[in-house]
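Chains, contacts and geometry: an overview
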Amino acid sequence: MTHASGFRHPLGHLATMTLLMVASHAAAEVSSVDPEQQRAPDDVLVGTELQNVLVDQGALRVNAPVLHGEVAGRTMFGLDTPGSRQGFGAQVDAYFAVGEDTTSDPKIDPAELVQFETKVSYLYEMLDKGDIPVFTIIPTWKWVTYPTTTTTENYLKWREHWLGSDFWWMAPVEGLEFGGGTYWDPVQSAHMIKGTVGAREFYQDAPFDVAGWELFNFGSNSFKRYFAGSGQPAPASPGTSHAGFSTLDFGGKVTTPLPWKDTWTYIKADWSYWMMSSDRAYLNKTGRDAGEFIFSIGGEWRPE
């Protein structure tokens, strides 16, 4: 990772080489898109982080500490093509319970693999005359499963196959980006739709890389059913099923190098809050909170 004081040029270089691995990250996809960009331009990334809870697109999956492991890689092509850059990427994420969650039914024990994700992405990036990213489109397919549950406990156990795209526009103000993404699940019968609009900011001042994001998420009736409502398949009552905004996510991350070659550490905080009163009312009625705070501390290895 290149450390420099300032915004646009060093961060544009980071964006160029990392948007392919956008996705997660962030705590099991707190939002429908990944707000992060703070990774070095390497072909391989191996990371792990400890987070206080597991929140999945607004739904509290594990109310206990969780260990998140990640392996990602990408191959770029068209690096010498004036005005654009393209590439393919792949990523695998696994989430293991560290603590015992007695609030879950059934109870979640330590070391359980509670969530597993894999995705592949294609990137197309438009560059300006100085090879600085201006606009990026990232078509993505992602599969999410919950290995230790049954379809009775979680109807979405193996039914989440998200197909869609992220898009980001780098504003003239250095370090500021606007964008989001829209995704559709073509496999399961509900055909859920979800998306995000928002902004993210990046700043570097050696030895720290700082990132922030403000994201407004939305979803279809079926998305609301499974992430805020009853979670039961039709014709059961959905609980809350009004299409519209889902969660508001505010977050930030600070990354700094470790003494060992190619290694980094970071702290990250994210706040997720259901925006619509009908969603909050149903969550409160069923004994759940309308907002969650996610705190993570992690490390990454990025061989050069």
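See above for the structure.
Below is a summary of the structure that appears in this document.

Taken together, the eight bridges between strand S8 (residues 160-170) and strand S9 (residues 176-184) define a ladder with antiparallel strand orientation. Each bridged residue has a counterpart across the sheet, and for Trp 168 the counterpart in S9 is Gly 179. Note that S9 and strand S10 (residues 193-205) share nine bridges and pair antiparallel. Each bridged residue has a counterpart across the sheet, and for Leu 176 the counterpart in S10 is Glu 201.

To continue, consider the pattern of salt bridges. Side-chain pairs of opposite charge can arise whenever the charged atoms involved come near each other. In the structure shown here, the tally under the stated rule is nine salt bridges. Of the charged contacts in the structure, one is a salt bridge between Lys 268 and Glu 49, with a shortest N-O distance of 3.4 Å. On the criterion of sequence distance, the pair formed by Lys 268 in strand S13 (residues 263-274) and Glu 49 in strand S1 (residues 44-51) is long-range, its members being 219 residues apart. Relative accessible area serves as the criterion here: at 1%, Glu 49 is assigned to the buried category. Taking the shortest distance from any N to any O, the salt bridge between Arg 61 and Asp 56 comes out at 3.2 Å. The same class applies to Arg 61 and to Asp 56, which are both buried. Sharing partners across several salt bridges, the network here consists of Glu 100, Lys 107 and Asp 109.

Time to look at the nonpolar core. Formed by 14 residues in total, the largest nonpolar core has its most connected members in Leu 156, Trp 162, Met 192, Tyr 226 and Phe 227. For this core, the element with the most residues is helix H2 (residues 221-227), which contributes three residues. If we ignore the near neighbours within four places in the chain, the residues touching Phe 227 are Asp 56, Gln 57, Gly 58, Ala 59, Arg 61, Tyr 146, Leu 156, Glu 160, Met 192 and Trp 274. Val 66, Tyr 95, Ala 97 and Val 114 belong to the second-largest nonpolar core, a separate cluster that totals eight residues.

Here twelve strands make up a closed barrel; going around it, the order is S1-S4-S5-S6-S7-S8-S9-S10-S11-S12-S13-S14 and the pairing antiparallel. Within the sheet, the average angular offset between the axes of one strand and its neighbour, ignoring direction, is 20 degrees. In this sheet, strand S11 (residues 208-219) lies alongside S10 in antiparallel orientation, the contact comprising twelve bridges. Bridging from a neighbouring strand, Ala 199 pairs with Glu 214 of S11.

Glancing now at the environment of Trp 168. Inspection of the secondary structure assignment puts Trp 168 in strand S8. Separated by 31 residues in sequence, Trp 168 and Ile 137 place their C-alpha atoms 6.8 Å apart.

Moving on, we come to unusual backbone geometry. Between Asp 105 and Pro 106 the backbone carries a cis peptide bond, its omega angle lying at 5 degrees. With respect to the secondary-structure elements, Pro 106 resides in the loop between strand S5 (84-97) and strand S6 (113-127). Cis geometry marks the peptide bond from Ala 206 to Pro 207; its omega dihedral reads 10 degrees. In this structure, Pro 207 sits in the loop between S10 and S11. For Gln 57, which is not glycine, the phi dihedral falls at a positive 55 degrees. Within the secondary structure layout, Gln 57 lies in the loop between strand S2 (54-56) and strand S3 (59-62). Positive phi is not limited to glycine here, since Asp 131 has a value of about 60 degrees. On the secondary structure map, Asp 131 appears in the loop between S6 and strand S7 (133-145).

Moving on, we get to the side chain of Asp 209. Along the chain, Asp 209 turns up in strand S11. Although Asp 209 is buried, it forms no salt bridge, and the closest oppositely charged side chain is Arg 302 at an N-O distance of 6.5 Å. At 2.9 Å, the side chain of Asp 209 and the side chain of Gln 204 are in polar contact.

Conventions and cut-offs
Residues numbered from 1 in each chain as written. Predicted model: local features only at pLDDT ≥ 70, side-chain atom pairs only at ≥ 80, totals over all residues. Heavy atoms only, no water. Pairing = 2+ DSSP bridges. Helix = DSSP H or I, 4+ residues; strand = E, 2+ residues; numbered from the N terminus. Salt bridge = Lys/Arg side-chain N within 4 Å of Asp/Glu carboxyl O. Buried < 20%, exposed > 50% of the residue type's maximum accessible area, 1.4 Å probe, protein only. Core = buried A, V, L, I, M, F, W, Y, C linked by side-chain atoms within 4.5 Å. Contact = heavy atoms within 4.5 Å. Axes fitted to C-alpha atoms, helices over the stretch in contact; angles between N-to-C directions. Lys, Arg positive; Asp, Glu negative; His and termini not counted. Polar contact = N/O pair within 3.5 Å; in protein donor to acceptor, adjacent residues only side chain to side chain.

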